[in-house]
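Observations on chain architecture
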Amino acid sequence: MGENTKALADFDGEVKCETPNNRLDKFRGTLTYKENKYSLDNEKIILRGCTLRNTEWCYGLVIFAGQDTKLMQNSGLSTLKRTNIDRLMNILVLWIFGLLAFMCTVLAIGNGIWESHKGYYFQVYLPWDQNITNSSFSGFLAFWSYVIILNTVVPISLYVSIEFIRLGSSFYIDWDSKMYYPKKDIPAVAHTTTLTEELGQIQYIFSDKTGTLTQNIMLFSKCTINGKLYGYVYDLARRRIDVTANTEKVDFSFNSMADPKFVFYDHSLVEAVKIGDPKVHEFFRLLSLCHTVMPEEKLKGNLVYQAQSPDEGALVTAARNFGFIFRSRTPETITVDELGESKVYKLLCILDFDNVRKRMSVIVRCPDKKLYLYCKGADTIVFERLNSSSQQLKDITTEHLDEFAGDGLRTLALAYKKLDETYFKDWQNRHHEASTALENRDEQLSILYEEIENDLTLLGATAVEDKLQDGVPQTIETLVKANIKIWVLTGDKQETAVNIGYACNMLQDEMRKVFIIENNDSSAVGAELRNARTTMKGIEDDLTTIQKPVKPNFLPEETADADYGLVINGDTLAHALEEDMELEFLKTACLCKTVICCRVTPLQKAQVVELVKKYKRAITLAIGDGANDVSMIKAAHIGVGISGEEGTQAVLSSDFSFAQFRYLQRLLLVHGRWSYLRMSKFLRYFFYKNFAFTLVHFWYGFFCGFSAQTVYDQWFITLYNLVYTSLPVLGLSLFDQDLNDRWSMAYPRLYEPGQLNLYFSKLEFVKCVIHGVYSSLVLFFIPYGALAEAVRDDGKTISDYQSFALIAQTCLLVSVTLQVALDTVYWTAINHFFIWGSLAVYFAITFTMYSNGMYLMFPTSFPFIGTARNALNQPHVWLTIFLTAVMCVLPVIIVRYIFTELKPDFSNKLQYQIRQTKLLPPKPTTSYTRRTSTRRSAYAFSHQRGFGALITSGKNMRMKSVNLAPSKVGISSQPDK
């Protein structure tokens, strides 16, 4: 086997074997790799201890049984996700077993002592079994007897009830019509029923960008031309109004080549085009000429633009709809239909875009033989190159750009220049020499570009909207108010990710600083992270605490002195995630309000999530829409998939899915918060009622010679959890809510208790135990004291065992029922039916089982004949029941009142305010006011180097001219003749 098995790459994690014919073979055996043997078992090869760095997909080759088999990396082991409550429950159950063993040991010792000192005198009435030889053996048997009696303290049925509650919570998500997306008929779906309460404890959200936050659609939204603003809508009084679904759209029917998907609302711009405003015409002429877009017209009239970026496509499409239709290009010409008239411009030079220039220009010869340079780029760059005559227009345009930036739009300044023929010929010769130079070519070209791109005349500016998904800014703002940290992990380039960060208001101008970490050297990355952390904390940090934390598996929360942002790219992140650097990166990132990781691989997304999980006691959520988000979704505590345009891989790998990012706030703030609140109440009440029920047996042991005698009737013990107390607690855990969904969405601070784990923890469990112990003492000793010397109305005694058992169990059931009623905040008809109906069922069953008829039919099974009617017809018995129930719930009422008055939480304050002022929940709003921003020219920061050289060379057009017949390409094929 080892001789026929060979590996040719480094692997880490699970490697799936896929044969060349796409068929998975089943096999078993061993794989020898680096002198180590690994198991091959049924379609999987598990490799451990191997290395994989900075690689998104890594392919190797295994020759197995003479057949080539491809190895696919980064699939990752699928892990079983469990909630914090599940893990805590395992610990608590161990504690309960320890408590059970302790109680049984105490009672067993008591049995041995009692039998050795007192049992001898009672052997006439309670003779020892012939197998019992001494008191020690009697204590040993009593130990196991009490294990059987007190086993109800162990929450066996709890796990079944929890799964039932989670199932109900998952159905609420599936049925929520407010998370249904009607445009695509996609409802919210809970793919798991085990994680619902953890939705109410999220502290970190890791989100993809494209397809998750954005639709990756650019729309030409507004513009300013020669100092006049276009794109806003006004009423008859010239007051600016918001665009709604009823707002009249511009009719482009006059243009047969208009893109039907293009939408614009300002009719004045079309009128300016139609009346022949020269500046407006020059504006759209520039947009139709200054670009690197390639047109494609496979069918007559069906014009499609292939753009380097969505920005350029949006600008050229806008020019097309307003009558300046870019039809075709060759390496030397550009053909444009201007308001129905076809014009051919001779393309003389493309001054290409790069991240240093932040602009691009074209030099063209117009049909009238005049030379023009058209330029578009970042406003800060273009404004530096304007002539003095444009100063007044520059000031007006700057005001408009500030307004665009405040709306979160991506802006671009446009300018042009008329060239002198003689000067241009000289410049063209020097440009040719520079472009063919063997040394310092880029520097020489840059100097020439700077020379000719000056003394420009400003035309105006464009504003393009990077189309976010509906409600993304509102959702992010709401989640941030809920103290949830949102990290964006995207494969897009840094500039685009930063722009989206500003558009979503994750990054804000109000932040003191946004740190950009972009070194490719480990030591330099470490230095940048240390400097950033020092700046944020305002003091020098002790680096030893970072490399060797006090608690190796936990980093405590720290706060910065202001709001900061952190941006890091994939190459730098590879160094930051190294073993000796990861803690430093995490501490720095956690001090920031916003973290954006760009150009990251799917594996790096998962590594960032795992890093936070490893060192932070925080619940994480990952959300994405594509296959590259699957590893991140699987790594997080909770994975959410969005049914977007990139397939269903993310949805199939997720725990919850829906169609829009905006539904995330409802999933967390409503369903998550309610689920956590209900589960916590359920667990607290369940432990309380079980301890109160079981510990009565413990106290009774001291009064019955530790004989393992039960306090209650056997039928009551059987039906207690199954019938009498099951429905009330289920009603509490399925329907209860402190505030309705609209209040929960309007006040995100209500989410914080779940993050801090305030409603159920080890401390809360201890409180439940104390409450249960106190209640068991009350439930035993008050009926015991009340019946010790009591007699019936007819003078007969009532202090017999059966009467005491009946009264004790009645007091217990009334007390726990009042307790669940006290815990219920949101009363429904179902809650009333379950709670009071359970009490009615108890009395109905009790009177039936303790009747003469049941005894006559089953004398051995129902020995409590007549006990109910003889005991419960006495007034002092009901007084005992009343006093016991009051004593059980009174401390709870007092403690809650004191804490509500002296130390109320936000929920208490809000509920009090609602009761006092009778406030109505605020209506959900869809409008959103963006914060003002000074950031502009997003276009110029989001491009890579342009395709100008490729276009002028004609290499990208030769194949098209060969493959496309002239009849299919129309005008675009003419220059190739």
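Treat the numbers as computed from the prediction; the structure is a model and nothing was measured. Within any chain, residue numbers begin from 1 and follow the written order of that chain's sequence. Per-residue local features are limited, in this predicted model, to residues with pLDDT of at least 70; the limit for side-chain atom pairs, both in listing and counting, is 80 or more; totals at the level of whole chains, interfaces and linings are taken over all residues. In computing side-chain properties, one takes all heavy atoms of the structure into account and sets aside hydrogens as well as water.

This paragraph deals with the overall build of the protein chain. Scanning the protein chain from terminus to terminus reveals 35 helices and 28 strands. Throughout, the Shrake-Rupley method with a 1.4 Å probe supplies accessible areas, and for residues the shown protein chains are the sole cover considered. In the structure as shown, the protein chain presents an accessible area of about 45,300 Å², 56% of it carried by carbon and sulfur atoms. The helix and strand labels rest on DSSP assignments: H or I over at least four residues marks a helix, E over at least two residues marks a strand, and numbering proceeds from the N terminus.

For helices, the axis comes from a line fit to the C-alpha atoms of the stretch in contact; other axes are also lines fit to C-alpha atoms, and the angle between any two N-to-C directions lies between 0 and 180 degrees. Contact geometry of helix H26 (residues 801-823) with helix H30 (residues 875-902) gives a least axis separation of 9 Å together with a crossing angle of 35°. Every pair of crossing elements has a handedness; the one defined by H26 and H30 is right-handed. Contacts between H26 and H30 involve Ile 807, Thr 810, Cys 811, Val 814, Ser 815, Leu 818, Gln 819, Leu 822 and Asp 823 on the former and, on the latter, Val 877, Thr 880, Ile 881, Thr 884, Ala 885, Cys 888, Val 889, Val 892, Ile 893 and Arg 896. Class assignment for the residues of the contact of H26 with H30 results in 12 nonpolar, five polar and two charged. For any pair of crossing helices, the crossing counts as left-handed if the nearer helix is rotated counterclockwise from the farther one by less than a right angle, and right-handed if it is rotated clockwise. In this description, contact between two residues means that some pair of their heavy atoms is separated by no more than 4.5 Å. Charged residues are taken to be Asp, Glu, Lys and Arg, nonpolar residues to be Ala, Val, Leu, Ile, Met, Phe, Trp, Tyr, Cys and Pro, and polar residues to be all remaining types, Gly included.

Let us look at helix H4 (residues 267-274). Think of an α-helix as 3.6 residues a turn; residues three or four steps apart then line up on the same face. Within H4, the full set of buried residues consists of Leu 269, Val 270, Ala 272 and Val 273. Looking straight down H4, one finds its buried side chains confined to an arc of 160°; they lie on one side. Remark: Gly 276 follows H4 within two positions and exhibits a positive phi of approximately 85°. Relative accessibility thresholds used throughout: buried, under 20% of the residue-type maximum; exposed, over 50%; partly exposed, between the two (1.4 Å probe, protein chains only). By arc we mean the arc of the directions from the helix axis to the C-beta atoms, nothing more.

Inspection of the secondary structure puts Phe 326 in strand E15 (residues 324-329). According to the relative accessible area criterion, Phe 326 is buried, its value standing at 0%. Residues Phe 326 and Val 316, spaced 10 residues apart in sequence, show a C-alpha to C-alpha distance of 7.3 Å. Each residue touching Phe 326, except ones within four places of it in the same chain, is listed here: Ser 288, His 291, Val 293, Pro 295, Leu 303, Tyr 305, Val 316, Ile 334, Thr 335 and Val 336.

With that settled, consider unusual backbone geometry. Backbone geometry at Arg 599 places phi at a positive 55°, although glycine is not the residue there. Residue placement: Arg 599 occurs in the loop between strand E25 (594-598) and helix H17 (602-615). Owing to a relative accessible area of 41%, Arg 599 belongs among the partly exposed residues under this scheme.

So, on to the sheet that holds E25. By the convention used here, strands pair only if DSSP detects at least 2 bridges between them. The sheet built from nine strands is open, its strands ordered E7-E28-E27-E26-E8-E22-E25-E24-E23 with mixed pairing. Of all the strands in the sheet, the pair left with one neighbour each is strand E7 (189-190) and strand E23 (513-517). Here strand E27 (residues 638-642) runs beside strand E28 (residues 656-658); their pairing, made up of three bridges, is parallel. Across the sheet, the residue bridging to Val 640 is Phe 656, located in E28. The sheet contacts of H17 involve strand E8 (202-207), strand E22 (485-489) and strand E26 (619-624), and relative to E22 the element is tilted by about 155°. Contacting E8, E26, E27 and E28, helix H20 (residues 663-701) crosses the sheet at an angle of about 140° to E28.

A side-chain nitrogen of Lys or Arg and a carboxyl oxygen of Asp or Glu constitute a salt bridge if their distance falls within 4 Å. Under the defined criterion, the tally for this structure stands at 38 salt bridges. Asp 208 is the salt-bridge partner of Lys 605, the closest N and O atoms lying 3.4 Å from each other. Separated by 397 residues along the polypeptide, Lys 605 in helix H17 and Asp 208 in the loop between E8 and strand E9 (214-225) bring together distant segments of the chain. On the basis of relative accessible area, Asp 208 is assigned to the buried category, the value being 4%. Across the salt bridge formed by Glu 338 and Lys 343, the nearest N and O atoms sit 3.2 Å from each other. Overall, the relative accessible area of 6% leaves Glu 338 in the buried class. Through salt bridges with shared partners, one network takes in Arg 357, Arg 359, Glu 384, Arg 385, Glu 450 and Glu 453.

With that out of the way, let us pick up the side chain of Gln 755. Relative to the helices and strands, Gln 755 is located in helix H24 (residues 752-755). The class of Gln 755 is buried, set by a relative accessible area of 9%. Setting aside anything within four residues of it in sequence, one finds Gln 755 in contact with Gly 200, Gln 201, Ile 202, Gln 203, Ala 482, Asn 483 and Ile 484.

Working definition: an aromatic ring pair is given by the centre-to-centre distance plus the angle between the planes. Aromatic pairing here means that ring centres of Phe, Tyr or Trp (its six-membered ring) are within 6.5 Å. Orientation follows from the plane angle: under 30 degrees is stacked, over 60 is edge-to-face, and everything else is tilted. Across all of its chains, the model carries 60 aromatic pairs by this definition. With a centroid separation of 5.5 Å and an interplanar angle of 75°, the aromatic rings of Phe 698 and Phe 702 are classed as edge-to-face. With relative accessibility at 9%, the residue Phe 698 sits in the buried group. Under the relative-accessibility criterion, Phe 702 is labelled partly exposed at 42%.

Bringing the side chain of Ser 733 into the picture now. Examined against the element boundaries, Ser 733 turns out to sit in helix H22 (residues 726-735). Within polar-contact distance, the side chain of Ser 733 engages the backbone oxygen of Val 729 at 2.9 Å. Pairs of N or O atoms are called polar contacts if they sit within 3.5 Å, as long as, within protein, a hydrogen donor faces a hydrogen acceptor (for residues adjacent in sequence, only side-chain-to-side-chain pairs). From its side chain, Ser 733 meets the backbone oxygen of Leu 730 in a polar contact 3.1 Å long. Each residue touching Ser 733, except ones within four places of it in the same chain, is listed here: Ile 165, Arg 678 and Phe 682.

Below, the discussion takes up the nonpolar core. Residues Tyr 146, Phe 682, Leu 683, Phe 687 and Leu 812 are the most contacted members of the largest nonpolar core, which totals 84 residues. Per-element tally for this core: the top contributor is H20, with 15 residues. The residues contacting Tyr 146, other than those within four sequence positions of it, are Cys 104, Leu 107, Asn 151, Gly 701, Cys 704, Phe 706, Ser 707, Ala 708 and Gln 709. Joining through side-chain atoms within 4.5 Å is the link that ties buried Ala, Val, Leu, Ile, Met, Phe, Trp, Tyr and Cys residues into a set, and such a set is a nonpolar core. Residues Met 218, Ala 272, Cys 290 and Tyr 372 belong to the second largest nonpolar core, which totals 52 residues.

With that out of the way, let us pick up the confidence of the model for the protein chain. A low pLDDT means the predicted coordinates there should not be read in detail. When the pLDDT values of the protein chain are averaged, the result is 81; 83% of them are 70 or greater. Per-residue confidence from the predictor is reported as pLDDT, a score between 0 and 100. This model gives residues 542-551 a pLDDT under 50, and the stretch forms 12 contacts once residues within four places in sequence are excluded. Low pLDDT (under 50) marks residues 926-932, which in the prediction has 20 contacts with non-local residues, meaning those over four places away or in another chain.

Its place among the elements puts Phe 143 in helix H2 (residues 135-149). The exposure class assigned to Phe 143 is buried, which follows from its relative accessible area of 19%. The spatial distance from the C-alpha of Phe 143 to the C-alpha of Gly 110 is 10.0 Å, given a sequence separation of 33 residues. The residues touching Phe 143, leaving out its near neighbours within four places in the chain, are Ala 101, Cys 104, Thr 105 and Ala 108.

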